[in-house]
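Remarks on the overall topology
Here's the letter readout for the chains.
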Amino acid sequence: QVQLQESGPGLVKPSQTLSLTCTVSGGPITTNYYYWTWIRQPPGKGLEWIGHIPYTGVTHINPSLRSRASISRDTAKNQFTLQLSSVTPEDTAVYYCNARARGFTDWGPDYWGQGTQVTVSS
């Protein structure tokens, strides 16, 4: 089974760049039809899709974050990484990585990391 684990700093200063890594076990991130996704949840708010990098390697970013967010992968380490620049306190959230396979007309089950709390503060 696919297992995901987030890692990175819990505290980031305003204006700095947040870098989070999702380490994948149980299968390669190049597995056909899988989408590898970053999602976050600010306190008291719902989930927000940040972006994903599919098995093809072609990334897609939420337009609201496109100017600041990027996602990359390291197939040798079986990891994918989120970088979010120019952070502000509004970027404080629990950050999750997620994996899901895409079928012709439907999606398979979700796999989630446990989440990691990121606080933006001086």
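Quantities reported herein were computed from a predicted structural model and do not represent experimental measurements.

1. Digging into the state of the cysteines
Enumeration over the complete set of coordinates arrives at one disulfide. In this model C22 forms its disulfide with C97; the gap between the sulfur atoms is 2.2 Å. One disulfide, between C22 and C97, carries an S-S torsion of 65 degrees and so falls in the right-handed class. Taken together, the residues C22 in strand β3 (residues 18–25) and C97 in strand β9 (residues 93–101) connect sequence positions 75 residues apart. For the pair C22 and C97, one class covers both residues: buried.

2. A short note on the packing of aromatic side chains
Summed over the entire model, instances satisfying the criterion amount to seven aromatic pairs. On the numbers, 6.4 Å between centres and 70 degrees between planes, the contact of Y35 with Y55 is edge-to-face. Placement of Y35 in strand β4 (residues 34–41) and of Y55 in the loop between β5 (48–54) and β6 (60–61) is noted, with a sequence separation of 20 residues between them. Judged by its relative accessible area of 24%, Y55 is partly exposed.

3. Some details on unusual backbone geometry
Even without a glycine there, the phi angle at N78 is positive, about 55 degrees. Residue position: N78 is located in the loop between β7 (69–74) and β8 (79–84). For N78, a relative accessible area of 13% corresponds to the buried category. For S86, which is not a glycine, the phi torsion comes out positive at approximately 50 degrees.

4. Overview of the environment of T116
Along the polypeptide, T116 turns up in strand β11 (residues 116–120). Judged by relative accessible area, which is 14%, T116 ranks as buried. Not counting the four nearest positions on each side in its chain, T116 is found in contact with E6, L20, A93, V94 and Y95.

5. Examining the pairing of strand β1 (residues 3–7)
Residues L4 and E6 of β1 are buried on one face, while the alternating residues Q3, Q5 and S7, pointing to the opposite face, are not. Two strands pair when backbone bridges link them, and β1 and β3 are joined in this way by five bridges, in the antiparallel orientation. Bridging across to β3, E6 finds its partner in C22.

6. Brief notes about the nonpolar core
Counting residues in each nonpolar core, the largest one holds 28 residues, and the members touching the most others are W36, W38, F80 and Y95. Every element with two or more residues in this core is listed here: β3, β4, β5, β7, β8, β9 and β11. Ranked by the residues each element gives to this core, the list is headed by β9, at five residues.

About the criteria used
Residue positions within a chain follow its written sequence, with the count starting from 1. Where totals are concerned, whole chains, interfaces and linings use all residues; where local detail is concerned, this predicted model gives features only for residues with pLDDT of at least 70, and gives and counts side-chain atom pairs only at 80 or more. Hydrogens and water molecules were not included; the side-chain quantities draw on all heavy atoms of the structure. Any cysteine sulfur atom paired with another within 2.5 Å is treated as part of a disulfide. By definition, any uninterrupted DSSP run of H or I lasting at least four residues is a helix, any uninterrupted run of E lasting at least two residues is a strand, and each is numbered from the N terminus. Buried residues are those whose accessible area, probed at 1.4 Å on protein chains only, stays under 20% of the maximum for their type, while exposed residues exceed 50% and partly exposed ones sit between those limits. Working definition: rings of Phe, Tyr and Trp (its six-membered ring) pair if their centres are within 6.5 Å, and the pair is stacked with planes under 30 degrees apart, edge-to-face with planes over 60 apart, and tilted otherwise. For this analysis, residues touch if any pair of their heavy atoms sits within 4.5 Å. Think of it this way: DSSP has to see at least two bridges between two strands before they count as a pair. Here the nonpolar core consists of buried residues drawn from Ala, Val, Leu, Ile, Met, Phe, Trp, Tyr and Cys, with membership extended through side-chain atoms lying within 4.5 Å.

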